[in-house]
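Examination of the molecular architecture
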Amino acid sequence: AHAESLREDIDPAKREEYLDVVLSETDRMAALTAALLDLARLERGEALKREPVELSALVREVFDRLALPLEQKGITLKLDLSQVWTEGDRARLESAAANLASNALRHCTPGGAITVKVGKEGRWAVLTVDNDGDNIPERELRRIWQPFYRSDQSRSRDTGGTGLGLAIVKAAVKAHGGECSASNRAGGVIFRVSLSSLQSAQ
């Protein structure tokens, strides 16, 4: 409707406003399409490009890219990253980490904190992303991994997500033979990903 209106002789100020709406919606649809394609590839079992991946370096790179939005929202980022290796598809693992990061940013309380940890627990390389914010109702904790599932109004599309981020995380982790979960704590939510660890890059 906004694009069709641009063909009419409308006020220049309105034209700019309508163009902004069209561009915003185009970007949102492009992001949604890319996420759907990514999820479809993972769910149909597309072969992974396996290589040794140092998880803490990958996670640091992902969160470094969020420096500006974190600052704009007044969020403190706390990193506790130990070197740990896993074997997997670097692009898929980066996508999973990026979706966890953007989810934490989106739902963290302004002025709150996001705490990210990477370490080894037995045979597992473990990533946890903990953000201050509203708890997720207990009955919803397993369902948040479903495509397009939103537990309540506070986690609606108005927050800027496609509704596919956590589904992509789960599909990517499952493709690597790992596990993921979410749990509440007082004043926040913790997301946890476990992947098989390697002794080293060798």
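Residues numbered from 1 in each chain as written. Predicted model: local features only at pLDDT ≥ 70, side-chain atom pairs only at ≥ 80, totals over all residues. Heavy atoms only, no water.

**Focus on the packing of aromatic side chains**
By convention here, two paired aromatic rings are described through the distance between centres and the angle between planes. Spelled out, the test is: The rule is short: rings of Phe, Tyr and Trp, with Trp giving its six-membered ring, pair when the centres are within 6.5 Å, and they are stacked under 30 degrees, edge-to-face over 60, tilted in between. Numbering of helices and strands starts at the N terminus; helices are DSSP runs of H or I of at least 4 residues and strands are runs of E of at least 2. Categorising residues by exposure relies on relative accessible area from a 1.4 Å probe, with only protein chains included: less than 20% of the type maximum marks a residue as buried, more than 50% marks it as exposed, and the intermediate range marks it as partly exposed.
Scanning the model with the defined rule gives one aromatic pair in all. With a centroid separation of 5.9 Å and an interplanar angle of 80°, the aromatic rings of Trp-145 and Phe-191 are classed as edge-to-face. Taken together, the positions of Trp-145 in the loop between β5 (124–132) and α6 (165–175) and Phe-191 in strand β7 (residues 188–198) put the pair 46 residues apart, joining distant regions of the chain. When sorted by exposure, Trp-145 lands in the same class as Phe-191, which is buried.

**Remarks on the nonpolar core**
Our working definition: Nonpolar cores were defined as sets of buried Ala, Val, Leu, Ile, Met, Phe, Trp, Tyr and Cys residues, with membership established by side-chain atoms within 4.5 Å.
Ranked by size, the top nonpolar core spans 39 residues in total, and within it Val-59, Phe-63, Ile-114, Leu-127 and Phe-191 carry the most contacts. No other element matches the seven residues that helix α5 (residues 90–107) contributes to this core.

**Topic: the confidence of the model for the protein chain**
Inclusion rule: Across the chain, each position has a pLDDT score giving the predictor's confidence in that residue, from 0 to 100. Contacts between residues were defined by any pair of non-hydrogen atoms, one from each residue, lying within 4.5 Å.
Looking at the protein chain, the pLDDT average stands at 84 and 75% of residues meet or exceed 70. Per-residue pLDDT stays below 50 along residues 153–158; that stretch engages in 13 contacts with residues further than four places along the chain or on separate chains.

**Some remarks on the side chain of Ser-197**
Convention followed: Any N or O atom pair separated by 3.5 Å or less is treated as a polar contact, with the protein-specific requirement of one donor-capable and one acceptor-capable atom, and with residues adjacent in sequence counted only for side-chain atom pairs.
With respect to the helices and strands, Ser-197 occurs in strand β7. Judged by relative accessible area, Ser-197 falls into the buried class, the value being 18%. A polar side-chain atom of Ser-197 sits 2.9 Å from the main-chain carbonyl oxygen of Arg-123.

**Looking at the pairing of β7**
Basically, it comes down to this: If DSSP finds at least two bridges between two strands, the strands pair.
Sheet topology places strand β3 (residues 85–89) next to β7; two bridges connect them, and they run antiparallel. Paired with Thr-86 across the bridge in β7 is Ser-197. As judged from the nine bridges shared by β5 and β7, these two strands associate in the antiparallel manner. Directly across from Thr-128, in β7, lies its bridge partner Arg-192. Sheet topology places strand β6 (residues 179–185) next to β7; seven bridges connect them, and they run antiparallel. Paired with Ser-183 across the strands is Ile-190, a residue of β7. Counted between consecutive antiparallel strands, the loop separating β6 from β7 contains two residues, among which Gly-187 sits at a positive phi close to 80°.

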